[in-house]
Amino acid sequence: MNDTRPASGCEGEDLSPIHVSQEQFRRATTHLKGLKKGLLDFLSYPKRTISVCFPIEMEDESVTTFHGYRVLHNSIMGPGKGGIRYHPCVNEGEVTALALLMTWKCALMRIPFSGAKGGVACDPKQLSQTELRRITRRFISELGDNIGPHTDIPAPDLYTNAQTMAWIFDTYDMMHPGRNNRPVVTGKPLELGGSPGREDATARGCLIAAERFLSLAGMPELGGLDGARVAIQGFGQVGAHAARLFREAGASITAVSDSQGGIASSDGTSLDVTQVLAWKREHGTVVGMPGTQSLTNQGLLELPCDILIPAAMGNQITQENAPRIQARLVVEAANRPVSPEADDILTARGIPLLPDILANAGGVAVSYFEWVQNIENQEWHLDEVNRKLREKMVAATDAVVARWRQLPAAGDSPPSLCTDLRTAALVEAIERVANITLKRGIWP
Ligand code: GLU
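Residues numbered from 1 in each chain as written. Predicted model: local features only at pLDDT ≥ 70, side-chain atom pairs only at ≥ 80, totals over all residues. Heavy atoms only, no water.

Below, the discussion takes up the packing of helix α6 (residues 201-217) against helix α12 (residues 362-376). Interhelical geometry of α6 versus α12 gives an angle of 120° and a closest axis separation of 6 Å. If you check the angle between α6 and α12, you find them oblique. You can see that α6 and α12 cross each other, and the crossing is right-handed. From α6, Ala201, Thr202 and Gly205 reach across to α12, where they touch Gly362, Gly363 and Val366. Looking at the contact of α6 with α12 residue by residue, the classes come out as 2 nonpolar, 4 polar and no charged. (Axes fitted to C-alpha atoms, helices over the stretch in contact; angles between N-to-C directions. Helix = DSSP H or I, 4+ residues; strand = E, 2+ residues; numbered from the N terminus. Parallel < 35°, antiparallel > 145°, perpendicular 65-115°, else oblique. Left-handed = near helix turned anticlockwise from the far one by under 90°. Contact = heavy atoms within 4.5 Å. Nonpolar A, V, L, I, M, F, W, Y, C, P; charged D, E, K, R; others polar.)

What follows is the structure, given as structure tokens:
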């Protein structure tokens, strides 16, 4: 992104994925007293880390070496589950932190999977479809039997999509002929066993969580989505669907952005989301759409609005810009867009934040539905998928809000104990995983 936050953040703030993950974990576990000694330490480590390096013959016939990772946090709740991302910033630390995040997400959603994540360090914008296909096939063959329908199940993530998942399925199927391999990967195209509703599931989950939270939270100036002014950072697979769904729910989409910059409506009314989608399809960016004002990604985050949805990259709201956020509610459609220091600032300013492990969990929820359909060789109707997604999102949002209300009030605690919704969600999720671990017993 042209003006996204640097990985190191501003002075004094450590934005490395491992640090952020450890700090969020630390804050939550301060509230978890009386657990078996050493258990939380165990839960903070990944069970398995695979790091591979492989050559790819490029379009110009030169050879480029790529580095890929797949981390399995644990197998306490079931097989590993989590996306594969293609991005220049992918490294072992990032993938590990995101694998842990997936465990908490699955626990909060009561999905029988454990956390995993994968990625290849590459710049997909500079690669042809042929090169991306070769990278995908080679990466999956390098992972070999470390992925599988009952061991570790990949899915889409940053800059991977249904086509990437089709290549993953095909590669795995070539390596394991003669059996039903569809459940090895989710987020596939419909005709290859993908689930209806998976494409917009993350955005729909985000919408349901926001609606439910507003109906429970009793925020005097923001009772619901009707007429709410929404700004969305990111207009990819999550952000673009979020713009459409929030608009359909009656919200006014006042600004959107992509990696090249953002646009805001010039007269304060909603952008026409269908027109923005058409403009982006034709021009490769939302920027320059007639009748809109241009702004930077940074500017978008700081606009006055009711709901701010970071739906792009990590580390977008940090200690540096959190004091300037003017939203009434922040909803994390991306993974890890807000740093722990920014969490403290937003909490102190009375701006609630729906955390990633809740707000973007719709994706993995429908991935789970896809996996179940694949195992049973069934195809559910879209209405059924969306109804089941709603049930899961509402239950998870209710659980987070209930925890939030039980934890000690922010004013009574040092900042590390602040009762933000992220901490509440993590307390709920970590406690569930800890209890399952103890019920199973430590082997042998
Ligand atoms: N990559 C998505 C996430 O971060 C989806 C994972 C999945 O569907 O397994 O939640």
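On to the environment of arginine 26. As for its placement among the helices and strands, arginine 26 is situated in helix α1 (residues 17-29). Spatially, the C-alpha atom of arginine 26 lies 9.6 Å from that of serine 44, the residues being 18 residues apart in sequence.

The next subject is the site of the ligand. Taken together, 14 residues are adjacent to the ligand, and Lys81, Lys105, Pro156, Asp157 and Ser367 come closest. At 2.8 Å from an oxygen atom of the ligand is found a side-chain nitrogen or oxygen belonging to lysine 81. Serine 367 places a polar side-chain atom, nitrogen or oxygen, 2.5 Å from an oxygen atom of the ligand. About the coverage of the ligand: the protein hides 94% of its 300 Å² of free accessible area. (Near = heavy atom within 4 Å. Polar contact = N/O pair within 3.5 Å; in protein donor to acceptor, adjacent residues only side chain to side chain. Areas by Shrake-Rupley, 256 points an atom, 1.4 Å probe, with all protein chains shown as cover.)

Next up on the list: the sheet that holds strand β1 (residues 48-57). With mixed pairing, 5 strands are arranged side by side in an open sheet as β1-β2-β4-β3-β5. Each edge of the open sheet carries a strand with a single partner, namely β1 and β5 (152-156). Along the sheet, successive strands turn relative to each other by an average axial angle of 20°, direction set aside. Here strand β3 (residues 80-87) pairs with strand β4 (residues 114-121) via 6 bridges, running parallel. Pairing of arginine 85 across the sheet is with glycine 119, part of β4. Packed onto the sheet, helix α3 (residues 92-108) meets β1, β2 (63-72), β3 and β4 and runs at close to 155° relative to β4. (Pairing = 2+ DSSP bridges.)

In the numbering used here, UniProt assigns the "binding site: NAD(+)" (unreviewed entry) feature to Thr202. Structurally, threonine 202 can be placed in helix α6. For threonine 202, a relative accessible area of 13% translates into the label buried. Apart from residues no more than four positions distant in its own chain, threonine 202 is found in contact with Val238, Ala333, Ala359, Asn360, Gly362 and Gly363. (UniProt positions renumbered as here; feature names shortened; annotations may be inferred. Buried < 20%, exposed > 50% of the residue type's maximum accessible area, 1.4 Å probe, protein only.)

Now for the sheet that holds strand β6 (residues 229-233). As a general point, the strands of a sheet are linked pairwise by backbone hydrogen bonds and lie either parallel or antiparallel. Here we have 7 strands laid out as an open sheet, ordered β9-β8-β7-β6-β10-β11-β12, and mixed in their pairing. Two strands lie at the open edges of the sheet, namely β9 (292-295) and β12 (353-354), each paired on one side alone. The pairing of strand β8 (residues 261-265) with β9 spans 4 bridges and is antiparallel. Residue pairing across strands places glycine 262 opposite leucine 295, the latter belonging to β9.

Look at helix α5 (residues 162-175): 20 Å from first C-alpha to last across 14 residues, which is about the 20 Å you get at 1.5 Å a residue. For α5, the full list of buried residues reads Ala162, Thr164, Met165, Ala166, Trp167, Ile168, Phe169, Thr171 and Tyr172. Lining the buried residues of α5 we find β3, α4 (129-143) and β5. (Expected span 1.5 Å × (residues − 1).)

This next bit is on the packing of aromatic side chains. Evaluation of the coordinates by the stated rule reveals 9 aromatic pairs. Considering the side-chain rings of phenylalanine 113 and tyrosine 368, the 5.7 Å spacing of their centres and the 85° angle between planes classify their relative orientation as edge-to-face. Taken together, the residues phenylalanine 113 in the loop between α3 and β4 and tyrosine 368 in helix α12 connect sequence positions 255 residues apart. An aromatic cluster is built from Phe113, Tyr368, Phe369, Trp371 and Trp380, whose rings are joined through pairwise contacts. (Phe/Tyr/Trp six-rings, centres within 6.5 Å; stacked < 30°, edge-to-face > 60°.)

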